Structure formats: C-alpha cells, structure tokens
Amino acid sequence: MNWKAKRIQKQEALKLLKEVIRLERMPDAFHTLALVYDAIGEKRKTINFYQLAAEIMPRDTSLWKLLLSWYLEQGNVAAVDCYLPKAIAAEPEDIHSDSFLHPVALS
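Worth saying up front: this structure is predicted, and the values here are computed from it rather than measured.

Participant: How would you sum up the packing of helix 4 (residues 61-74) against helix 5 (residues 77-90)? Please name residues and give values.
Facilitator: Packing of helix 4 against helix 5 leaves a shortest axis separation of 9 Å and a crossing angle of 155°. As judged from the angle between their axes, helix 4 and helix 5 are roughly antiparallel. When the axes of helix 4 and helix 5 are compared, the crossing they make is left-handed. Residues T61, W64, L67, L68, Y71 and L72 of helix 4 pack against A79, V80, Y83, L84, K86, A87 and A90 of helix 5. Looking at side-chain class alone, the contact of helix 4 with helix 5 contains 11 nonpolar, 1 polar and 1 charged residues.

What follows is the structure in structure tokens.
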C-alpha cells in the first residue's frame, strides 16, 4: 500500500472516531484517536486527546504516566504539577515503583 492510500485510511479512521465521540463520547475512542494522531505525527492533537481520555478514564494510570512523561520531556512544570496528583490518585501504591515516571514515551 502506498503512502497516499495509508494517509487516506488514517483520515477515514479519524473521521469515524470523531463521529463515535460525537455520538457517544466513548472513552476508548479518545484514546484511539490519540494513537491515530500520534501515527500521523500530530503531537499537539495527540496530547489533547490523551488528556481527554485520561480525564474520562481517571483510573487508567498508563494515560497519566504517558502525559507526565511527555510534559517532563517538554519541561512543562505547570502541567506536571497538574497531572502528578491525578496520577497518584489513580494508583497511590504505584508512586513507589521504579516505573512510575518512566512510561513508554510518545513515538
């Protein structure tokens, strides 16, 4: 499959996911939308949809960790201050693990 066909498929996936969100605001659709935006290199939109997914699924520590990692990388202290308490609240016992602030980073 050539790059143009792949781009068209990704655009169609975005369109469908946005429709799912419009109709039902399903949490997994926000997460999947973030993954699609990440795949096409749109980092700001990727982070925006990860933020929405994390807010909708507050017990999903992987999303909070991903956001923390990205904001630490960017040096965005204000965002880290905002999201760190949410990550701790999602899984308080995880704060002591070595992996707490070392999740898989965005590609």
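Participant: Before we move on, could you go through the UniProt feature "repeat: TPR" (unreviewed entry) in the protein and cite the residues and values that matter?
Facilitator: Taking the numbering used here, the UniProt-annotated feature "repeat: TPR" (unreviewed entry) corresponds to residues 27-60. With 79% helix and 0% strand, residues 27-60 has its two end C-alpha atoms placed 11 Å apart.

Participant: Could you give an account of helix 3 (residues 43-56), naming the residues involved and the relevant values?
Facilitator: Compared with an ideal rise of 1.5 Å per residue, which puts 14 residues at 20 Å, helix 3 spans 20 Å between its outermost C-alpha atoms and is within 8% of the ideal. Listed as buried for helix 3 are T46, I47, F49, Y50, Q51, A53 and A54. Looking at the buried positions of helix 3, the neighbouring elements they touch are helix 1 (3-24), helix 2 (27-39), helix 4 and helix 5.

Participant: For the nonpolar core, give the residues involved together with the corresponding values.
Facilitator: Within the largest apolar cluster, 28 residues are counted, with the highest numbers of intra-cluster contacts made by L33, F49, W64, L67, Y71 and Y83. For this core, the elements supplying multiple residues, two or more each, are helix 1, helix 2, helix 3, helix 4 and helix 5. In contact with Y71, not counting residues within four places along its chain, are R44, I47, Q51, N76, A79, V80 and Y83.

Participant: I'd like a rundown of the packing of aromatic side chains, residues and numbers included.
Facilitator: For the structure shown, the criterion picks out 5 aromatic pairs. Ring geometry for Y37 versus F49: centroids 5.6 Å apart, planes at 15°, classification stacked. With Y37 in helix 2 and F49 in helix 3, this pair connects stretches of sequence that are 12 residues apart. With a relative accessible area of 16%, F49 lands in the buried category. Where W64 meets Y83, the ring centres are 5.6 Å apart and the plane angle is 35°; that geometry is what we call tilted.

Definitions and limits used
Residues numbered from 1 in each chain as written. Predicted model: local features only at pLDDT ≥ 70, side-chain atom pairs only at ≥ 80, totals over all residues. Heavy atoms only, no water. Axes fitted to C-alpha atoms, helices over the stretch in contact; angles between N-to-C directions. Helix = DSSP H or I, 4+ residues; strand = E, 2+ residues; numbered from the N terminus. Parallel < 35°, antiparallel > 145°, perpendicular 65-115°, else oblique. Left-handed = near helix turned anticlockwise from the far one by under 90°. Contact = heavy atoms within 4.5 Å. Nonpolar A, V, L, I, M, F, W, Y, C, P; charged D, E, K, R; others polar. UniProt positions renumbered as here; feature names shortened; annotations may be inferred. Expected span 1.5 Å × (residues − 1). Buried < 20%, exposed > 50% of the residue type's maximum accessible area, 1.4 Å probe, protein only. Core = buried A, V, L, I, M, F, W, Y, C linked by side-chain atoms within 4.5 Å. Phe/Tyr/Trp six-rings, centres within 6.5 Å; stacked < 30°, edge-to-face > 60°.

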